[in-house]
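The chain contents come next:
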Amino acid sequence: MITNPYWQTFFESQAQQSYFIELQQEIKARRSCCVVYPPESQVYAAFEAVAPTDVKVVILGQDPYHGPNQANGLSFSVNKGEKIPPSLRNMFKELVDEFDDFTMPNHGDLSHWAEQGVMLLNATLTVEQGNANAHQKLGWQTFTDEAIRYISDQVEGVVFMLWGAFAQKKEALIDAKRHHILKSVHPSPLSARKGFFGNKHFITANELLVNQGKSPITWHLP
């Protein structure tokens, strides 16, 4: 299920609960009849990439991409060679505006961020091809809500980026006295010009990290 040993305690605590057992059974059944993304080996990619105590930033997404070869287990991220989705392109536009040395990437693979302690967490971890939010009510949000609480309890000074009404509902899971919460509208083309562009979240996150004695995130993608 998960190979990162630093998440083992958390995963074991959830694996024993009925909701999680039923969730896994349902996902298995759906994989037998439908095309489910991301591949089984990448469902927990956000957890594999960073230990809970190494999390510096959390960027919360809602649902994996539901097109072929897009979803790779990291929120907003797509595999190299795939077209950069509109919301991610708007994130890159904001980065270009915030950092003089940031150049628009030619791919959307955000694993470089994850390797530095940016947890790219979707609230729902699987989806069916061509059917957005198909797995939204299967139990994933119980699991990822618990993960957010776990990070909030285990670490201090994490920068949570909550974009859009859906993500902002997760604020209730976070201890605001221990962490930093940055909120704006979603980077979707439908809302980006209503407050995402110009929010300065990426440069603010780095300032907050440096003020704690942590290394900033190198946002440019190699």
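Everything numeric in this text was worked out from a predicted model, so none of it was measured.

Secondary structure assignment for the protein chain yields eight helices and six strands. The order of α-helices and β-strands along the protein chain, N terminus first, is α-α-β-α-β-α-α-β-β-α-β-α-β-α. Computed over the C-alpha atoms, the radius of gyration of the protein chain is 17 Å, within 12% of the 17 Å expected from 2.2 N^0.38 for a compact globule of 222 residues. For the protein chain, the spread of C-alpha atoms along the principal axes amounts to about 50 × 35 × 30 Å. Considering the protein chain as a whole, with its 222 residues, one finds that 53% of them fall into the buried category. Of the contacts made within the protein chain by residues no fewer than 6 positions apart, 67% connect residues no fewer than 24 positions apart. In the form shown here, the protein chain has an accessible surface area of approximately 10,400 Å², with 48% of it arising from carbon and sulfur atoms.

With that settled, the discussion passes to the UniProt feature "domain: Uracil-DNA glycosylase-like" (unreviewed entry) in the protein chain. Annotation from UniProt places "domain: Uracil-DNA glycosylase-like" (unreviewed entry) at residues 48-209. Regarding residues 48-209, the helix share stands at 30% and the strand share at 14%, and the terminal C-alpha atoms are separated by 22 Å.

This brings us to the nonpolar core. One recurring pattern in soluble globular proteins: nonpolar side chains tend to sit buried together. In this structure, F47, W113 and W219 are the most contacted members of the largest nonpolar core, which totals 68 residues. For F47, the residues in contact, after removing those within four places along its chain, are I2, N4, W7, F10, F11, M119, L121, L125, F143 and A147.

Definitions and limits used
Residues numbered from 1 in each chain as written. Predicted model: local features only at pLDDT ≥ 70, side-chain atom pairs only at ≥ 80, totals over all residues. Heavy atoms only, no water. Helix = DSSP H or I, 4+ residues; strand = E, 2+ residues; numbered from the N terminus. Rg over C-alpha atoms; globule rule 2.2 N^0.38 Å. Buried < 20%, exposed > 50% of the residue type's maximum accessible area, 1.4 Å probe, protein only. Contact = heavy atoms within 4.5 Å. Areas by Shrake-Rupley, 256 points an atom, 1.4 Å probe, with all protein chains shown as cover. UniProt positions renumbered as here; feature names shortened; annotations may be inferred. Core = buried A, V, L, I, M, F, W, Y, C linked by side-chain atoms within 4.5 Å.

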